[in-house]
Amino acid sequence: CLNLAADCNAVLKALQPIFQEQGMTETVHNWEDHGYLATYIKKNGSFANLRIYPHGLVLVDLQSYNDHVKGREETDQLLNKVEERMRELFHGNIKKVKRLPAILRGGTIDRYWPTADGRLVEYDIDEVVYDEDSPYQNIKILHSKQFGNILILSGDVNLAESDLAYTRAIMGSGKEDYTGKEVLILGGGDGGILYEIVKLKPKMVTMVEISFDKWQIILFNMLNKYMRKTCGDVLDNLKGECYQVLIEDCIPVLKRYAKEGRMFDYVINDLTAVPISTSPEEDSTWEFLRLILDLSMKVLKQDGKYFTQGNCINLTDALNLYEEQLSRLYCPVEFSKEIVCVPSYMELY
């Protein structure tokens, strides 16, 4: 990016020899008021686009199939030559130079995953630990050098071994005393919340996971094997000294508990994140969240607490919509919120 308008023809003539030395075939497109686009194609199929704008922006995009170190070194050398030639040509009139890392496409390991607010994040994935399609969702566990094993369900980063911050936050960030308390967990199929609460000596924890068939068995076994740092040993059995895992739809369970008059000190909802809009395809999610909220209030003690996840803090409209739901419950409630950084999400939640 230059500090002044560019002489597009001069820039093109200065950079042409760099690409020609590589034995690349050149095609040039010229628009009177919109600069130049030059494409350079090598015999091995790699190519470069050189886009020169009159206002001073020069873009170079290289695409090649380089699965070895030598190929990457050749790409870096070419870019270095372009940068050096631009500095020679414009001396102190270069405003900034920005070089982006290569985007790797078509590899056996997919390392790019979107954040909740639509940004693209590249993870340091070095191994596909598990990858299976069930009738309901795709289940992946990928290993990250920074975050350990990451559970990804249908393209959504669910939880990583590094993400104790998420689990602690949805439990009250260490401010709650669970000793001797009755706790209801809705969802939480990765076992992280259950594992952490059991350590705190509750009276009884009931976790309700929505469905159980051969795929849920596979998922539980896979979490036990590959996400042990997250779930510990609590998924080894569906019952323990102070916990039970019910494999049922949580809505009938909540209705049954309300009818029986069973009450809990804590209800923790780890079923689904707040949807990002009120578009028709998300209406059912909002209805589901409202229903869960109402039913949960009916089984929550007068001084009980309800914990749930929200969404990325950049999705302010979605979070405001959720807060509006809290004023529509059949009983008045007070609420607070806390912002935490979830490591593998690479965003504030």
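All values derive from a computational prediction rather than experimental measurement. Residue positions are given per chain, counting from 1 as you read along its sequence in written order. Where local features are concerned, this predicted model is filtered to residues with pLDDT of at least 70; where side-chain atom pairs are given and counted, the filter is 80 or more; whole-chain, interface and lining totals use all residues. Neither water nor hydrogens contribute to the side-chain values; these are computed over all heavy atoms in the structure.

**Topic: the overall build of the chain**
Turning to step 1, where the next piece is worked out: Working definition: helices are DSSP H or I runs of at least four residues, strands are E runs of at least two. Numbering for both runs from the N terminus. On a plain count of helices and strands, the chain comes out with 9 helices and 17 strands.
Turning to step 2, where the next piece is worked out: In terms of overall dimensions, the chain is more spread out than a globule: its C-alpha atoms have a radius of gyration of 27 Å, far above the 20 Å expected for 349 residues.
Turning to step 3, where the next piece is worked out: Referenced to the eigenvectors of the C-alpha coordinate spread, the extents of the chain come out at roughly 80 × 40 × 35 Å.
Turning to step 4, where the next piece is worked out: The cut-offs for exposure are 20% and 50% of the maximum accessible area for each residue type, with area from a 1.4 Å probe on protein chains only; residues under the lower value are buried, those over the upper are exposed, and the others partly exposed. When each of the 349 residues of the chain is scored for burial, the buried share is 42%.
Turning to step 5, where the next piece is worked out: Taking all contacts inside the chain whose residues are at least 6 apart in sequence as the whole, residues at least 24 apart take part in 56%.
Turning to step 6, where the next piece is worked out: Here the chain displays about 19,300 Å² of accessible surface, and carbon together with sulfur accounts for 50% of that area.
Turning to step 7, where the next piece is worked out: The chain carries 39 positive and 52 negative side-chain charges, and their two centres are separated by 2 Å. This radius of gyration counts C-alpha atoms alone. The globule rule is 2.2 Å times how many residues there are, raised to the power 0.38. Two residues form a contact once any of their heavy atoms are found within 4.5 Å. Computed by Shrake-Rupley with a 1.4 Å probe, the accessible areas treat only the displayed protein chains as cover when residues are assessed. Counted as positive: Lys and Arg. Counted as negative: Asp and Glu, with His and the chain ends omitted from the count. In plain terms, the charge of a residue is placed at NZ if it is Lys, CZ if Arg, CG if Asp and CD if Glu.

**Quick word on the pattern of salt bridges**
Turning to step 1, where the next piece is worked out: For salt bridges, the criterion is a side-chain nitrogen of Lys or Arg within 4 Å of an Asp or Glu carboxyl oxygen. Per the counting criterion, the structure on display carries 14 salt bridges.
Turning to step 2, where the next piece is worked out: Between D117 and R119 there is a salt bridge, with the nearest N and O atoms lying 3.1 Å from each other.
Turning to step 3, where the next piece is worked out: Between K140 and D131 there is a salt bridge whose closest N-O contact spans 3.8 Å.
Turning to step 4, where the next piece is worked out: On the basis of relative accessibility, which here comes to 43%, the residue D131 falls in the partly exposed class.
Turning to step 5, where the next piece is worked out: Salt bridges linked by common partners bring E83, R87 and R99 together as one network.

**Section: the nonpolar core**
Turning to step 1, where the next piece is worked out: Judged by nonpolar contacts, the single largest core of 72 residues is most densely connected at L184, I197 and I268.
Turning to step 2, where the next piece is worked out: Among the elements that make up this core, the one with the highest residue count is helix α8 (residues 280-298) (6 residues).
Turning to step 3, where the next piece is worked out: The residues touching I197, leaving out its near neighbours within four places in the chain, are M171, Y178, V183, I185, P202, V205 and I268.
Turning to step 4, where the next piece is worked out: Membership of the second largest hydrophobic core comes to 19 residues, among which are V11, I18, I52 and I94. In this text, buried Ala, Val, Leu, Ile, Met, Phe, Trp, Tyr and Cys residues form a nonpolar core when linked through side-chain atoms within 4.5 Å.

**Structural notes on the UniProt feature "active site" (unreviewed entry) in the chain**
Turning to step 1, where the next piece is worked out: In the numbering used here, UniProt assigns the "active site" (unreviewed entry) feature to D270.
Turning to step 2, where the next piece is worked out: By the secondary structure assignment, D270 is in strand β14 (residues 264-270).
Turning to step 3, where the next piece is worked out: For D270, the side chain forms a polar contact with the side chain of Y166, separated by 2.4 Å. UniProt positions are given in the numbering used here, feature names are shortened, and annotations may be inferred rather than shown by experiment. N or O atoms within 3.5 Å of each other form a polar contact, as long as, within protein, one can give a hydrogen and the other can take it, and as long as residues adjacent in sequence are counted only when both atoms are side-chain atoms.

**Let's talk about helix α9 (residues 316-326)**
Turning to step 1, where the next piece is worked out: Taken together, the buried positions of α9 are A318, Y322, Q325 and L326. Buried residues of α9 fall within an arc of 110° about the axis and therefore sit on the same side. The directions from the helix axis to the C-beta atoms form the arc being described.

**Observations regarding the domain arrangement of the chain**
Turning to step 1, where the next piece is worked out: Parsing the chain into structural domains produces domain 1 (8-90) and domain 2 (163-327).
Turning to step 2, where the next piece is worked out: Marked domain ranges trace back to an automatic or database domain assignment. For domain 1 versus domain 2, the distance between C-alpha centres works out to 54 Å.

**Here's the deal with the sheet that holds strand β15 (residues 300-308)**
Turning to step 1, where the next piece is worked out: Spatial strand order, β13-β12-β11-β14-β15: 5 strands in an open sheet with parallel pairing. Each of the sheet's edge strands pairs with one partner strand only, and the pair in question is β13 (243-247) and β15. This sheet shows a mean twist of 15° between the axes of neighbouring strands, independent of strand direction.
Turning to step 2, where the next piece is worked out: Note that strand β11 (residues 182-187) and β14 share 5 bridges and pair parallel. From the neighbouring strand, V183 faces β14, where its bridge partner is Y266.
Turning to step 3, where the next piece is worked out: What counts as an axis is a line fitted to C-alpha atoms, over the stretch in contact for a helix, and the angles between N-to-C directions run from 0 to 180 degrees. Each of β11, β12 (204-209), β13 and β14 is contacted by helix α7 (residues 250-260), which is oriented at about 155° to β11, the strand it contacts most. Only strands joined by at least two bridges in the DSSP assignment are considered to pair.

**Overview of the pairing of strand β9 (residues 148-153)**
Turning to step 1, where the next piece is worked out: The buried fraction of β9 amounts to 6 of the 6 residues, a majority that puts the element mostly inside the structure.
Turning to step 2, where the next piece is worked out: Counting the residues in the hairpin turn of strand β8 (residues 138-144) and β9 gives 3 residues.
Turning to step 3, where the next piece is worked out: Here 4 bridges tie β9 to strand β10 (residues 156-160), and the two strands are oriented antiparallel to one another. Across the sheet, the residue bridging to L151 is L159, located in β10.

**As for unusual backbone geometry**
Turning to step 1, where the next piece is worked out: One non-glycine residue with positive phi stands out, namely K201, at about 60°.
Turning to step 2, where the next piece is worked out: The class for K201 is exposed, based on a relative accessible area of 61%.
Turning to step 3, where the next piece is worked out: If you check the backbone angles, M346 has positive phi at about 55° while not being a glycine.
Turning to step 4, where the next piece is worked out: Looking at where M346 falls in the secondary structure, it is placed in the loop between β16 (341-342) and β17 (347-348).

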